[in-house]
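Listed here are the chains, written in short residue letters.
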Amino acid sequence: MSRFYLTTAIDYVNSRPHLGTAYEKITADVIARYKRLCGVRTHFVMGNDEHSQNVYRRAREQGLEPLAYCDQMEREFRDVWARLNVSFDDFIRTTEDRHRAGVSAMVQRIADRGDLYDAFYEGSYCVSCEAFKPEKDLVDGLCPVHGTKPEWIKEKNHFFRLSKYRDALLEHYDRHPEFLLPDVRRNEILRLLEAGLDDISISRAGQLWGVPLPFDQSSVVYVWFDALINYASAVGYGRDEAAFREWWPADLHIIGKDITRFHCVIWPAMLMSAGLPLPGQVFGHGFVYFKGQKMSKSLGTVLDPLDAAAKFGPDPLRLYLVKEIPYGQDGDFSWERFEERYNVDLANNLGNLVNRLAAMTDRYRQGSLPPSPGAPGRLAGVAEDVVRRYRAAMETYALHEAAFAVFGLVDAANEYIAETEPWTLSRQGNQERLTQVLSDVVEAVRIAAVLLLPVMPASCAEILRRMGEDRAADELRLDRDAAWSGARERVITKGDPLWPRLETAAAVTDEAASRPEEKTMTDQPAARPPVTADAPPAPPAAAEGLAAPPAPPAAAVPTDERIPIDDFVKIDLRVAKILAAEKVKGSRKLIKMQVDAGAEPRTLVAGIAEAYEPDALVGRSVVIVANLKPAKLMGIESNGMVLAASPEGGLPVLLGFDNPPPPGSRVK
Ligand SMILES: [Zn+2]
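Since we're looking at a predicted model, the values are computed, not measured.

K.L.:
Please clarify how the pattern of salt bridges should be interpreted in this entry.
P.N.:
Where charged atoms from two side chains of opposite charge come close, those side chains can pair. One pass over the full model with this rule turns up 48 salt bridges. Across the pair Glu-324 and Arg-341 runs a salt bridge whose closest N-O atoms are separated by 3.6 Å. Of this pair, Glu-324 sits in the loop between helix H12 (314-323) and strand E16 (331-334) while Arg-341 sits in helix H13 (residues 335-365), placing them 17 residues apart in sequence. Among the charged side chains, a network of salt bridges with common partners joins Lys-323, Glu-324, Arg-337, Glu-340, Arg-341 and Asp-345.

Rendered as structure tokens:
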């Protein structure tokens, strides 16, 4: 049986976890959960780096013994990781005996190999960096990172012959181009190796806080040399040979891009010297910058993105970090963007789909679907393609692409409901077809939830429960359970909305009142609450169709903005049938279409590409403003405007008809 050992960097405990550290742990957790979903025996290790002079100082400032301070911080770290649902298998602290045993053993082995020698170190040391600073790296004599004056150190140190391993490292990179990802990081390290390596000091003299060198009790092992060994000591190095043989080498080290030199030069050289195999892969992720601007009404007093987990559960934050930031690159977190994605992906899209489906199954089938009666519709093909793309992305750690692919299946399921109109099938008494359509959508939602389990474990387990899955999430396997299957009876359960919509900072009515001149037919205030199972009874087409969101209550339009009927009749609204549609190249939102509005076919451009596939539009009847002056969009002349509802923060929804009248019919 295959196995997978992955680690994250261990964290200094001189401050609480922040968004950046959380990003690393969450993305590593997604990979660990994906491997488990694939049935791979997985060992996921995180931990704390405690032998830092900063930690020692911080403890003393607080009047604590260093170890007591570290105990306290461990509780804080574990609490944050639990709140973010990070599922590590083991948590190592560098002050633990098992780690100290591993450090002593490896340092001794490197010494026995003849790779250590004594020399005087004289130079600068930045305590905040915990690093020796060559003169050439200082700016006006100060640490370029901290702007502080490094300590001048003159002491007898033990040096590691790092320079000896340069050629072996270059050869390793040559033979294993996948060793360091993404490529941009590998190129940085190759430049470094080609420039040549200096030997490094691996000890600090006269210090108490650390692991003493086995052959020189007056010195402790340099904190970085000490910390790197955690990856081996966590699985028994120097203490439990059987466990070590089982898990070493690690398959994947996940680290920040700022510490690749330690993990991709020093650590492999240490392992070579100790005669141990190298880890399979190192992935250097980017940084997440927090732009802590404007707070919204719904977030209230939440200041720290990590606190968003307390308010919404961990999953919306996890999804945001995974889906919105290409893994390996830098990204931003902002409250504005977080709310927008929450509303679009979760409240309006996935959450709304789960609720509508449960409501329809309840209304038309009393919540129970028999095994699907016939061949599945086109959603089965979409699901198969999405699973393939998801797997390919996850295997190369393109986590964002994997998450994005799954939302393609969610979109397709929403479109399928709009296309097949279950409420019409019910009215027509087309029972078999109705059962088939509902079964297909349940199957698509079920598969989407299986695929998103690594990213949103708690919410997806709940979605699966509502879709009639009675096994625990950790019993599910990608091969078997992400395959299309209509062969089972399913009992669908209704529930509260998983993700209630957030009202964003600029409330809809405020916005409309303050910008009346910008009002158009497509961005009128028409906030549509997600359709929930316990929504008041409404005509089926309005409650479940994408076609007809309820009009805003009259009170939402200030009385002084009312218009006479003469103004309204100036607008020539017509039924138009879509003859052809294609995406506008270079635009995410625009679709170009040919429509028949009763006269010559005309070209229109509409901002609906995020909500509709061009192919699904052809043949459909919509409402257009036919007497609008032509406008150019991305160089294409648009003759008229397609009407769509624009839910706040959501995707546009086209207006349509139960029984389309002939093209050109007047709408009034
Ligand atoms: Zn520094």
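K.L.:
Please explain the coordination of the zinc ion as it appears in this structure.
P.N.:
For a metal with four tetrahedral donors the ideal donor-metal-donor angle is 109.5 degrees, whereas six octahedral donors ideally subtend 90 or 180 degrees. Those donors, Cys-126 (SG), Cys-129 (SG), Cys-143 (SG) and His-146 (ND1), are the protein atoms that reach the zinc ion, and they lie 2.1 to 2.3 Å from it. Classification of the site at the zinc ion as tetrahedral follows from its four donor atoms and the range of 99 to 114° in their angles at the metal. All donor residues of the zinc ion come from one chain, and their arrangement in sequence is C-x2-C-x13-C-x2-H. Here Cys-143 falls in the buried class, since its relative accessible area comes to 2%. For His-146, a relative accessible area of 35% translates into the label partly exposed.

K.L.:
Just to check I follow, could you spell out the sheet that holds strand E10 (residues 203-205) for this structure?
P.N.:
Hydrogen bonds between backbone atoms are what pair the strands of a sheet, whose relative direction is either parallel or antiparallel. Taken together, three strands build an open sheet; the order of strands is E10-E12-E11 and the sheet is antiparallel. Both edges of this open sheet fall to E10 and strand E11 (212-213), since each of them pairs with a single strand only. In this sheet, strand E12 (residues 216-221) lies alongside E11 in antiparallel orientation, the contact comprising two bridges. Residue pairing across strands places Pro-212 opposite Val-220, the latter belonging to E12.

K.L.:
I would appreciate a short explanation of helix H1 (residues 19-37) in the present structure.
P.N.:
Quick reminder: α-helices carry 3.6 residues per turn. Residues three or four places apart thus point the same way. Compared with the 27 Å implied by 1.5 Å per residue over 19 residues, the 26 Å span of H1 between its first and last C-alpha is a close match. Within H1, 17 of the 19 residues are buried, leaving the element largely enclosed by the surrounding structure. One or two residues past the end of H1 sits Gly-39, with phi positive at roughly 85°.

K.L.:
Any chance you could explain the packing of aromatic side chains here in plain terms?
P.N.:
Pairs of aromatic rings are described using the distance from one ring centre to the other and the angle between the two planes. Under the defined criterion, the tally for this structure stands at 31 aromatic pairs. On the basis of an interplanar angle of 70° and a centroid distance of 6.1 Å, the ring pair of Phe-77 and Trp-81 is categorised as edge-to-face. In this pair, Phe-77 and Trp-81 both sit in helix H3 (residues 66-83), four residues apart, roughly one turn of the helix. Like Trp-81, Phe-77 is buried. With centroids separated by 5.4 Å and ring planes inclined at 85°, the aromatic side chains of Tyr-173 and Phe-179 adopt a geometry described as edge-to-face. Residue classification places Tyr-173 among the buried positions, given a relative accessible area of 4%. What makes Phe-179 buried here is its relative accessible area of 1%. Three or more aromatic residues joined by ring pairs make a cluster, and in this case those are Phe-290, Phe-312, Tyr-320, Phe-333, Trp-335, Phe-338 and Tyr-342. Note that Lys-257 overlies the ring of Phe-287, its terminal NZ or CZ placed 5.0 Å from the centroid. Just above the ring of Phe-407 sits the side chain of Lys-323; from NZ or CZ to the centre is 5.1 Å.

Conventions used here
Numbers given to residues run from 1 along each chain, matching the order in which its sequence is written. Owing to the predicted nature of the model, reporting of local features is limited to residues with pLDDT of at least 70; listing and counting of side-chain atom pairs is limited to 80 or more, with chain, interface and lining totals taken over all residues. Neither water nor hydrogens contribute to the side-chain values; these are computed over all heavy atoms in the structure. When a carboxyl oxygen of Asp or Glu is within 4 Å of a side-chain nitrogen of Lys or Arg, the pair counts as a salt bridge. Numbering of helices and strands runs from the N terminus; a helix is a DSSP stretch of H or I covering at least four residues, while a strand is a stretch of E covering at least two. Any N, O or S atom lying within 2.8 Å of the metal counts as a donor, and for Na, K and Ca the limit rises to 3.2 Å; water is left out, so some sites can look incomplete. The geometry test gives tetrahedral to four donors whose angles all lie between 85 and 135 degrees, gives square planar to four donors and octahedral to six donors whose opposite members are over 155 degrees apart with all other angles between 65 and 115, and gives irregular to the rest. Three exposure classes are used, based on accessible area relative to the maximum for each residue type with a 1.4 Å probe and protein chains only: buried under 20%, partly exposed in between, and exposed over 50%. Pairing between strands is defined by DSSP: at least two bridges between the two strands are required. Helix span, as expected, comes to 1.5 Å for every residue beyond the first. Centres within 6.5 Å are what make two rings of Phe, Tyr or Trp a pair, Trp counting through its six-membered ring; a difference in plane orientation under 30 degrees is then read as stacked, over 60 as edge-to-face, and the rest as tilted. Here, a charge over a ring is recorded when the distance from Lys NZ or Arg CZ to the ring centre is within 6 Å and its angle to the ring normal is within 35 degrees.

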